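Letter by letter, the chains look like this.
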Amino acid sequence: TKTNNDTKSSHDDLAITLDYPKFSGLGHYDLYQYQGFWCFAKVIESIKDFQQNFKASETDLVIASTPKSGTIWLKALAFAIVNRFRYPCSSVSKNYHHHPLLTVSPHDLVPFVEFKHDTLDNDHLRFTKNNPTHDSPCRLIATHIFYPSLPESIKTGTTKCKVIYLCRNPRDIFVSLWLFINELRAQLPESNDYHPSLSIEEAFEFFCNGVSVFGPFWDHVLGYWKESLENPHKVLFMKYEDLKKERKTQLKRLAEFIGCSFTLEEERQGVIEDVSSLCSFEHLKNLDVNKNGSRKRTVNKAYFRKGEIGDWENHLTPQMVKRLDSLMEEKLQGSGLVF
Ligand code: A3P
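The rules behind each value
- Residues numbered from 1 in each chain as written.
- Predicted model: local features only at pLDDT ≥ 70, side-chain atom pairs only at ≥ 80, totals over all residues.
- Heavy atoms only, no water.
- pLDDT = per-residue confidence, 0-100.
- Contact = heavy atoms within 4.5 Å.
- Buried < 20%, exposed > 50% of the residue type's maximum accessible area, 1.4 Å probe, protein only.
- Helix = DSSP H or I, 4+ residues; strand = E, 2+ residues; numbered from the N terminus.
- Arc of directions from axis to C-beta.
- Expected span 1.5 Å × (residues − 1).

Some points on the confidence of the model for the chain
Here comes step 1: With 85% of its residues at a pLDDT of at least 70, the chain reaches an overall mean of 88.
Here comes step 2: Under a pLDDT of 50 for its full length, residues 1-10 has, in the predicted model, 13 contacts with residues more than four places off or in other chains.
Here comes step 3: Taken together, the chains of this predicted complex give a pTM of 0.92 and an interface ipTM of 0.99.

Some details on helix α12 (residues 271-278)
Here comes step 1: Burial in α12 covers these residues: Val271, Ile272, Val275, Ser276 and Leu278. Buried residues of α12, seen end-on, are gathered within an arc of 165° and therefore sit on one face of the element.
Here comes step 2: Those residues of α12 hidden inside the fold are in contact with α3 (71-82), α10 (247-258), α11 (264-269) and α13 (281-285).

Here we look at unusual backbone geometry
Here comes step 1: In this model, glycine 215 is joined to proline 216 through a cis peptide bond whose omega is 5°.
Here comes step 2: Among the secondary structure elements, proline 216 is positioned in the loop between α7 (200-208) and α8 (217-230).
Here comes step 3: Non-glycine residue glutamine 35 carries a positive phi angle of around 50°.
Here comes step 4: Relative to the helices and strands, glutamine 35 is located in the loop between β2 (31-34) and β3 (37-40).
Here comes step 5: On the basis of relative accessibility, which here comes to 43%, the residue glutamine 35 falls in the partly exposed class.

Concerning α3
Note on helix geometry: an α-helix contains 3.6 residues per turn, so any two residues three or four positions apart are oriented the same way.
Here comes step 1: Relative to the 16 Å expected for 12 residues at 1.5 Å per residue, α3 spans 16 Å between its end C-alpha atoms, a close match to the ideal helical length.
Here comes step 2: Where burial is concerned, most of α3 is hidden: 12 out of the 12 residues are buried.
Here comes step 3: Of all the residues in α3, the buried ones are Thr71, Ile72, Trp73, Leu74, Lys75, Ala76, Leu77, Ala78, Phe79, Ala80, Ile81 and Val82.

What follows is the structure, encoded as C-alpha coordinates:
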(Lines give C-alpha, C1' and ligand atoms only; values in the text may rest on other atoms or scores of the structure.)
Protein backbone atom coordinates (compact mmCIF):
# COMPACT_ATOMS: atom_id res chain seq x y z
CA THR A 1 0.00 0.00 0.00
CA LYS A 2 0.98 3.56 -0.70
CA THR A 3 1.91 5.56 2.39
CA ASN A 4 1.18 9.25 2.73
CA ASN A 5 4.81 10.03 2.22
CA ASP A 6 4.99 7.95 -0.97
CA THR A 7 2.05 9.85 -2.43
CA LYS A 8 3.49 13.15 -1.40
CA SER A 9 6.92 12.52 -2.82
CA SER A 10 5.53 11.39 -6.17
CA HIS A 11 4.08 14.90 -6.58
CA ASP A 12 7.32 16.54 -5.59
CA ASP A 13 9.87 14.46 -7.47
CA LEU A 14 10.72 17.24 -9.86
CA ALA A 15 11.54 19.87 -7.28
CA ILE A 16 13.24 17.56 -4.84
CA THR A 17 16.02 17.12 -7.35
CA LEU A 18 16.14 20.86 -7.99
CA ASP A 19 16.93 22.05 -4.51
CA TYR A 20 14.62 25.08 -4.25
CA PRO A 21 13.72 26.45 -0.81
CA LYS A 22 10.85 24.33 0.43
CA PHE A 23 7.83 24.89 2.68
CA SER A 24 5.93 21.91 4.04
CA GLY A 25 3.34 23.64 6.21
CA LEU A 26 0.45 23.19 3.77
CA GLY A 27 0.52 19.47 4.38
CA HIS A 28 -0.72 17.98 1.10
CA TYR A 29 1.79 19.37 -1.39
CA ASP A 30 4.99 21.15 -0.53
CA LEU A 31 5.59 24.64 -1.84
CA TYR A 32 8.88 25.57 -3.49
CA GLN A 33 10.26 29.05 -3.91
CA TYR A 34 11.09 29.70 -7.54
CA GLN A 35 12.26 33.15 -8.67
CA GLY A 36 10.87 34.71 -5.49
CA PHE A 37 7.39 33.17 -5.49
CA TRP A 38 6.04 30.03 -3.84
CA CYS A 39 4.54 27.35 -6.05
CA PHE A 40 3.97 23.63 -6.36
CA ALA A 41 6.73 21.45 -7.78
CA LYS A 42 4.61 20.41 -10.74
CA VAL A 43 4.36 23.89 -12.16
CA ILE A 44 8.06 24.74 -12.24
CA GLU A 45 8.79 22.83 -15.45
CA SER A 46 5.81 24.43 -17.19
CA ILE A 47 6.93 27.88 -16.11
CA LYS A 48 10.40 27.21 -17.49
CA ASP A 49 8.88 26.05 -20.77
CA PHE A 50 6.86 29.26 -20.89
CA GLN A 51 9.89 31.40 -20.13
CA GLN A 52 12.11 29.70 -22.66
CA ASN A 53 9.75 28.96 -25.52
CA PHE A 54 6.94 31.48 -25.53
CA LYS A 55 7.26 33.97 -28.38
CA ALA A 56 4.74 36.72 -27.89
CA SER A 57 2.87 37.98 -30.92
CA GLU A 58 1.09 41.30 -31.51
CA THR A 59 -2.32 40.02 -30.58
CA ASP A 60 -1.48 37.93 -27.53
CA LEU A 61 -3.27 38.75 -24.31
CA VAL A 62 -1.94 37.60 -21.00
CA ILE A 63 -4.34 37.44 -18.05
CA ALA A 64 -2.24 37.71 -14.91
CA SER A 65 -3.49 37.62 -11.34
CA THR A 66 -2.95 36.66 -7.75
CA PRO A 67 -4.80 33.44 -6.98
CA LYS A 68 -8.39 34.01 -5.77
CA SER A 69 -8.66 37.53 -7.15
CA GLY A 70 -11.44 36.46 -9.53
CA THR A 71 -9.19 35.20 -12.33
CA ILE A 72 -11.88 32.92 -13.70
CA TRP A 73 -14.20 35.92 -14.03
CA LEU A 74 -11.62 37.98 -15.89
CA LYS A 75 -10.89 35.02 -18.17
CA ALA A 76 -14.58 34.77 -19.03
CA LEU A 77 -14.92 38.52 -19.59
CA ALA A 78 -11.82 38.79 -21.78
CA PHE A 79 -12.87 35.74 -23.81
CA ALA A 80 -16.38 37.09 -24.28
CA ILE A 81 -15.17 40.56 -25.31
CA VAL A 82 -12.51 39.37 -27.73
CA ASN A 83 -14.76 36.81 -29.40
CA ARG A 84 -18.03 38.75 -29.35
CA PHE A 85 -18.38 39.03 -33.12
CA ARG A 86 -17.92 35.32 -33.61
CA TYR A 87 -19.90 34.35 -30.52
CA PRO A 88 -22.67 36.85 -29.69
CA CYS A 89 -23.25 37.31 -25.96
CA SER A 90 -26.93 38.23 -26.13
CA SER A 91 -29.20 35.43 -24.96
CA VAL A 92 -31.76 36.41 -27.62
CA SER A 93 -29.25 35.96 -30.45
CA LYS A 94 -29.91 32.81 -32.43
CA ASN A 95 -26.26 31.72 -32.11
CA TYR A 96 -26.10 32.32 -28.37
CA HIS A 97 -26.38 28.65 -27.47
CA HIS A 98 -23.09 28.00 -29.32
CA HIS A 99 -21.20 30.28 -26.99
CA PRO A 100 -18.18 28.33 -25.63
CA LEU A 101 -18.61 29.84 -22.16
CA LEU A 102 -21.90 27.94 -21.82
CA THR A 103 -20.21 24.55 -22.03
CA VAL A 104 -16.48 24.97 -21.35
CA SER A 105 -14.79 26.14 -18.14
CA PRO A 106 -13.11 29.54 -18.52
CA HIS A 107 -10.01 27.78 -17.19
CA ASP A 108 -9.99 25.59 -20.29
CA LEU A 109 -10.77 28.43 -22.70
CA VAL A 110 -7.98 30.56 -21.26
CA PRO A 111 -5.54 28.09 -19.77
CA PHE A 112 -2.90 28.83 -17.16
CA VAL A 113 0.57 28.34 -18.61
CA GLU A 114 1.76 26.79 -15.38
CA PHE A 115 -1.10 24.31 -14.93
CA LYS A 116 -0.69 22.37 -18.17
CA HIS A 117 -1.17 19.15 -16.25
CA ASP A 118 -4.65 20.33 -15.18
CA THR A 119 -5.83 21.62 -18.55
CA LEU A 120 -8.04 19.36 -20.62
CA ASP A 121 -6.78 20.47 -24.03
CA ASN A 122 -3.35 21.91 -23.66
CA ASP A 123 -2.58 22.22 -27.38
CA HIS A 124 -3.05 25.90 -26.72
CA LEU A 125 0.03 25.78 -24.55
CA ARG A 126 2.46 24.20 -26.98
CA PHE A 127 4.45 27.32 -27.58
CA THR A 128 7.00 25.81 -29.88
CA LYS A 129 4.60 25.06 -32.72
CA ASN A 130 1.87 26.93 -34.49
CA ASN A 131 -1.30 25.96 -32.82
CA PRO A 132 -3.85 24.74 -35.37
CA THR A 133 -6.65 24.64 -32.81
CA HIS A 134 -6.37 28.30 -32.12
CA ASP A 135 -9.16 30.18 -33.89
CA SER A 136 -9.66 33.27 -31.73
CA PRO A 137 -8.57 36.72 -32.96
CA CYS A 138 -6.23 36.79 -29.94
CA ARG A 139 -4.29 34.11 -28.20
CA LEU A 140 -5.48 34.30 -24.60
CA ILE A 141 -3.35 32.75 -21.91
CA ALA A 142 -3.22 33.14 -18.15
CA THR A 143 -0.62 33.03 -15.43
CA HIS A 144 -0.08 33.57 -11.72
CA ILE A 145 3.69 34.09 -11.93
CA PHE A 146 5.43 37.34 -10.86
CA TYR A 147 5.82 40.08 -13.45
CA PRO A 148 9.64 39.87 -13.64
CA SER A 149 9.33 36.13 -14.37
CA LEU A 150 7.26 36.63 -17.52
CA PRO A 151 9.06 35.70 -20.76
CA GLU A 152 11.24 38.47 -22.17
CA SER A 153 9.19 38.56 -25.37
CA ILE A 154 6.18 39.71 -23.35
CA LYS A 155 8.01 42.27 -21.21
CA THR A 156 10.53 43.84 -23.47
CA GLY A 157 9.91 42.56 -26.96
CA THR A 158 8.89 44.91 -29.71
CA THR A 159 5.52 43.18 -29.87
CA LYS A 160 2.45 44.87 -28.49
CA CYS A 161 1.40 41.83 -26.51
CA LYS A 162 -0.63 43.07 -23.55
CA VAL A 163 -1.03 42.02 -19.95
CA ILE A 164 -4.24 42.43 -17.95
CA TYR A 165 -3.71 42.12 -14.23
CA LEU A 166 -6.42 41.49 -11.66
CA CYS A 167 -6.04 41.78 -7.90
CA ARG A 168 -8.36 42.03 -4.92
CA ASN A 169 -8.46 43.19 -1.35
CA PRO A 170 -6.01 40.97 0.58
CA ARG A 171 -8.56 40.28 3.32
CA ASP A 172 -10.90 38.62 0.83
CA ILE A 173 -8.02 37.02 -1.07
CA PHE A 174 -6.76 35.39 2.11
CA VAL A 175 -10.17 34.04 3.13
CA SER A 176 -10.92 32.76 -0.38
CA LEU A 177 -7.49 31.10 -0.61
CA TRP A 178 -7.74 29.47 2.79
CA LEU A 179 -11.17 28.00 2.01
CA PHE A 180 -10.01 26.93 -1.47
CA ILE A 181 -6.99 25.08 -0.07
CA ASN A 182 -9.25 23.24 2.35
CA GLU A 183 -11.67 22.45 -0.47
CA LEU A 184 -8.81 20.94 -2.49
CA ARG A 185 -7.71 18.94 0.53
CA ALA A 186 -11.20 17.57 0.93
CA GLN A 187 -11.04 16.37 -2.68
CA LEU A 188 -7.78 14.50 -2.17
CA PRO A 189 -8.01 10.72 -1.99
CA GLU A 190 -8.22 9.50 1.62
CA SER A 191 -4.78 7.93 1.39
CA ASN A 192 -3.42 11.44 1.02
CA ASP A 193 -5.06 12.74 4.16
CA TYR A 194 -2.19 14.49 5.96
CA HIS A 195 -4.30 17.04 7.84
CA PRO A 196 -8.09 17.21 7.60
CA SER A 197 -8.03 20.96 7.19
CA LEU A 198 -5.75 23.91 7.65
CA SER A 199 -6.86 26.16 10.51
CA ILE A 200 -7.43 29.80 9.70
CA GLU A 201 -4.82 30.75 12.31
CA GLU A 202 -2.15 28.59 10.66
CA ALA A 203 -3.03 29.77 7.18
CA PHE A 204 -3.04 33.39 8.30
CA GLU A 205 0.40 33.07 9.85
CA PHE A 206 1.77 31.62 6.59
CA PHE A 207 0.10 34.34 4.50
CA CYS A 208 1.50 37.15 6.68
CA ASN A 209 4.94 35.56 6.47
CA GLY A 210 4.71 35.76 2.70
CA VAL A 211 4.17 32.04 2.20
CA SER A 212 1.10 31.60 0.03
CA VAL A 213 0.57 30.08 -3.39
CA PHE A 214 2.30 32.46 -5.85
CA GLY A 215 2.99 34.79 -2.92
CA PRO A 216 4.16 36.86 -1.18
CA PHE A 217 0.92 38.62 -2.08
CA TRP A 218 2.45 42.13 -1.83
CA ASP A 219 5.42 41.33 -4.09
CA HIS A 220 3.03 39.89 -6.67
CA VAL A 221 0.82 42.94 -6.70
CA LEU A 222 3.63 45.48 -6.60
CA GLY A 223 5.44 43.95 -9.58
CA TYR A 224 2.42 44.41 -11.85
CA TRP A 225 1.40 47.70 -10.23
CA LYS A 226 4.77 49.33 -10.92
CA GLU A 227 4.82 48.08 -14.49
CA SER A 228 1.27 49.38 -15.08
CA LEU A 229 2.43 52.84 -13.98
CA GLU A 230 5.58 52.80 -16.09
CA ASN A 231 4.04 51.12 -19.08
CA PRO A 232 0.27 51.65 -19.10
CA HIS A 233 -0.10 50.44 -22.68
CA LYS A 234 1.50 47.14 -21.76
CA VAL A 235 -0.14 46.39 -18.39
CA LEU A 236 -3.71 47.16 -17.36
CA PHE A 237 -4.16 47.00 -13.59
CA MET A 238 -7.67 46.02 -12.48
CA LYS A 239 -9.31 45.44 -9.13
CA TYR A 240 -12.05 42.91 -8.36
CA GLU A 241 -13.91 45.48 -6.28
CA ASP A 242 -14.01 48.00 -9.16
CA LEU A 243 -15.30 45.29 -11.49
CA LYS A 244 -18.06 44.49 -9.03
CA LYS A 245 -19.04 48.10 -8.32
CA GLU A 246 -18.67 49.78 -11.70
CA ARG A 247 -19.07 46.89 -14.09
CA LYS A 248 -19.90 48.91 -17.21
CA THR A 249 -17.06 51.41 -16.83
CA GLN A 250 -14.56 48.63 -16.17
CA LEU A 251 -15.72 46.54 -19.12
CA LYS A 252 -15.32 49.56 -21.40
CA ARG A 253 -11.86 50.14 -19.98
CA LEU A 254 -10.98 46.49 -20.55
CA ALA A 255 -12.24 46.42 -24.14
CA GLU A 256 -10.47 49.67 -24.95
CA PHE A 257 -7.18 48.37 -23.54
CA ILE A 258 -7.48 45.16 -25.52
CA GLY A 259 -8.03 47.23 -28.65
CA CYS A 260 -11.61 46.29 -29.38
CA SER A 261 -13.67 49.08 -27.78
CA PHE A 262 -17.44 48.79 -27.74
CA THR A 263 -18.91 50.98 -30.47
CA LEU A 264 -21.72 53.43 -29.73
CA GLU A 265 -24.02 51.15 -31.66
CA GLU A 266 -23.00 48.20 -29.48
CA GLU A 267 -23.58 50.28 -26.38
CA ARG A 268 -27.05 51.17 -27.63
CA GLN A 269 -27.77 47.52 -28.30
CA GLY A 270 -26.77 46.60 -24.71
CA VAL A 271 -23.74 44.50 -25.68
CA ILE A 272 -21.85 45.51 -22.52
CA GLU A 273 -24.76 44.35 -20.36
CA ASP A 274 -24.88 41.11 -22.37
CA VAL A 275 -21.19 40.42 -21.72
CA SER A 276 -21.72 41.25 -18.07
CA SER A 277 -24.72 38.91 -17.69
CA LEU A 278 -23.08 36.08 -19.58
CA CYS A 279 -20.09 36.24 -17.20
CA SER A 280 -21.94 37.07 -14.00
CA PHE A 281 -21.25 34.95 -10.94
CA GLU A 282 -24.83 33.66 -10.76
CA HIS A 283 -24.89 32.71 -14.43
CA LEU A 284 -21.50 31.01 -14.64
CA LYS A 285 -21.85 29.25 -11.30
CA ASN A 286 -25.10 27.60 -12.33
CA LEU A 287 -23.98 26.29 -15.70
CA ASP A 288 -23.69 22.52 -15.76
CA VAL A 289 -20.00 22.61 -16.72
CA ASN A 290 -19.13 24.82 -13.75
CA LYS A 291 -21.44 23.04 -11.33
CA ASN A 292 -20.76 19.42 -12.16
CA GLY A 293 -17.74 19.42 -14.45
CA SER A 294 -14.20 18.74 -13.42
CA ARG A 295 -10.73 19.29 -14.70
CA LYS A 296 -7.93 16.79 -14.34
CA ARG A 297 -7.25 17.64 -10.72
CA THR A 298 -9.98 19.99 -9.50
CA VAL A 299 -13.74 20.15 -9.62
CA ASN A 300 -14.97 23.28 -11.39
CA LYS A 301 -17.40 24.32 -8.70
CA ALA A 302 -14.46 25.06 -6.36
CA TYR A 303 -13.86 28.24 -8.39
CA PHE A 304 -17.31 29.65 -7.66
CA ARG A 305 -17.89 30.14 -3.97
CA LYS A 306 -19.57 33.39 -2.87
CA GLY A 307 -18.31 35.96 -5.35
CA GLU A 308 -18.80 38.84 -2.93
CA ILE A 309 -16.87 41.76 -1.56
CA GLY A 310 -16.28 41.60 2.21
CA ASP A 311 -16.76 37.93 3.14
CA TRP A 312 -13.65 38.41 5.31
CA GLU A 313 -15.99 39.90 7.93
CA ASN A 314 -17.35 36.41 8.55
CA HIS A 315 -13.94 34.88 9.15
CA LEU A 316 -11.26 37.30 10.35
CA THR A 317 -10.91 38.46 13.95
CA PRO A 318 -10.34 42.20 14.61
CA GLN A 319 -6.74 41.32 15.55
CA MET A 320 -6.19 39.60 12.22
CA VAL A 321 -7.61 42.56 10.34
CA LYS A 322 -5.36 44.93 12.25
CA ARG A 323 -2.27 42.84 11.57
CA LEU A 324 -3.04 42.39 7.89
CA ASP A 325 -3.81 46.06 7.38
CA SER A 326 -0.62 47.26 9.01
CA LEU A 327 1.39 44.67 7.09
CA MET A 328 -0.09 45.91 3.82
CA GLU A 329 0.52 49.51 4.80
CA GLU A 330 4.16 48.69 5.46
CA LYS A 331 4.66 46.63 2.31
CA LEU A 332 2.80 48.94 -0.08
CA GLN A 333 4.13 52.15 1.44
CA GLY A 334 5.09 54.74 -1.12
CA SER A 335 3.69 52.75 -4.04
CA GLY A 336 0.42 54.67 -4.30
CA LEU A 337 -1.47 51.36 -4.25
CA VAL A 338 -4.18 51.03 -1.64
CA PHE A 339 -6.84 48.44 -0.95
P1 A3P B 1 -14.74 33.79 -3.22
O2 A3P B 1 -14.00 32.60 -2.71
O3 A3P B 1 -14.52 35.00 -2.34
O4 A3P B 1 -16.18 33.55 -3.47
P5 A3P B 1 -9.90 32.83 -8.88
O6 A3P B 1 -10.62 32.61 -10.15
O7 A3P B 1 -8.79 33.82 -8.99
O8 A3P B 1 -9.50 31.54 -8.24
O9 A3P B 1 -10.93 33.55 -7.88
C10 A3P B 1 -12.00 32.88 -7.32
C11 A3P B 1 -12.86 33.90 -6.59
O12 A3P B 1 -13.61 34.66 -7.55
C13 A3P B 1 -13.87 33.25 -5.68
O14 A3P B 1 -14.10 34.18 -4.62
C15 A3P B 1 -15.07 33.14 -6.63
O16 A3P B 1 -16.29 32.92 -5.99
C17 A3P B 1 -15.00 34.48 -7.32
N18 A3P B 1 -15.70 34.50 -8.63
C19 A3P B 1 -15.71 33.52 -9.55
N20 A3P B 1 -16.45 33.90 -10.61
C21 A3P B 1 -16.91 35.13 -10.36
C22 A3P B 1 -17.75 36.04 -11.07
N23 A3P B 1 -18.25 35.73 -12.26
N24 A3P B 1 -18.03 37.23 -10.49
C25 A3P B 1 -17.53 37.54 -9.28
N26 A3P B 1 -16.75 36.71 -8.55
C27 A3P B 1 -16.43 35.53 -9.08
